[in-house]
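Examining the three-dimensional arrangement
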Amino acid sequence: MGQVRKTRLMRDIEHRLGEPIEALLKRLYVDDNLTMREVARSIGVRSDSTIWLWLLKFGIPARQWMLPEASAPGRKQ
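Described below are features of the structure shown in this document. (Residues numbered from 1 in each chain as written. Predicted model: local features only at pLDDT ≥ 70, side-chain atom pairs only at ≥ 80, totals over all residues. Heavy atoms only, no water.)

Attention now moves to the overall build of the protein. Within the protein, the secondary structure is distributed over four helices and zero strands. Ordered by position from N to C terminus, the α and β elements of the protein give α-α-α-α. Buried residues in the protein amount to 26% of all 77 residues. Summed over all atoms, the accessible surface of the protein reaches about 5900 Å², with 53% contributed by carbon and sulfur. (Helix = DSSP H or I, 4+ residues; strand = E, 2+ residues; numbered from the N terminus. Buried < 20%, exposed > 50% of the residue type's maximum accessible area, 1.4 Å probe, protein only. Areas by Shrake-Rupley, 256 points an atom, 1.4 Å probe, with all protein chains shown as cover.)

This is how it looks when you write it as structure tokens:
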């Protein structure tokens, strides 16, 4: 994969936390198994959709979003 152009927010987070954003995302999301929302909160980003976009940009596979069992489509209550 080619070089990802980093946004100002990405560079600010790298500077503040002292770690490249791609390594930080991998550590928090993959290694520590945090949710996108938890990653966003821990690094000071407003939206978990931003984290999803960054994961996509850096080629980090996102986990599938799962519905709770009781609300799964086609499931009788």
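The next thing to look at is unusual backbone geometry. Residue N33 is not a glycine yet carries a positive backbone phi of 60°. Position of N33 among the secondary structure elements: in the loop between α2 (21-31) and α3 (36-43).

The next thing to look at is the packing of α3 against helix α4 (residues 48-57). Closest axis-to-axis distance for the α3/α4 pair is 8 Å, and the angle between their directions is 100°. Overall, the two elements α3 and α4 adopt an arrangement that is roughly perpendicular. In this structure, α3 contributes M36, R37, V39, A40 and I43 to the contact, and α4 contributes D48, I51, W52, W54 and L55. When the residues that make up the contact of α3 with α4 are grouped by side-chain class, the tally is eight nonpolar, no polar and two charged. (Axes fitted to C-alpha atoms, helices over the stretch in contact; angles between N-to-C directions. Parallel < 35°, antiparallel > 145°, perpendicular 65-115°, else oblique. Contact = heavy atoms within 4.5 Å. Nonpolar A, V, L, I, M, F, W, Y, C, P; charged D, E, K, R; others polar.)

This next bit is on α3. Regarding α3, the residues found buried are M36, V39, A40 and I43. Seen along its axis, α3 keeps its buried residues to an arc of 100°; they face one direction. Directly beyond the C-terminal end of α3, a positive phi value near 80° is found at G44. (Arc of directions from axis to C-beta.)

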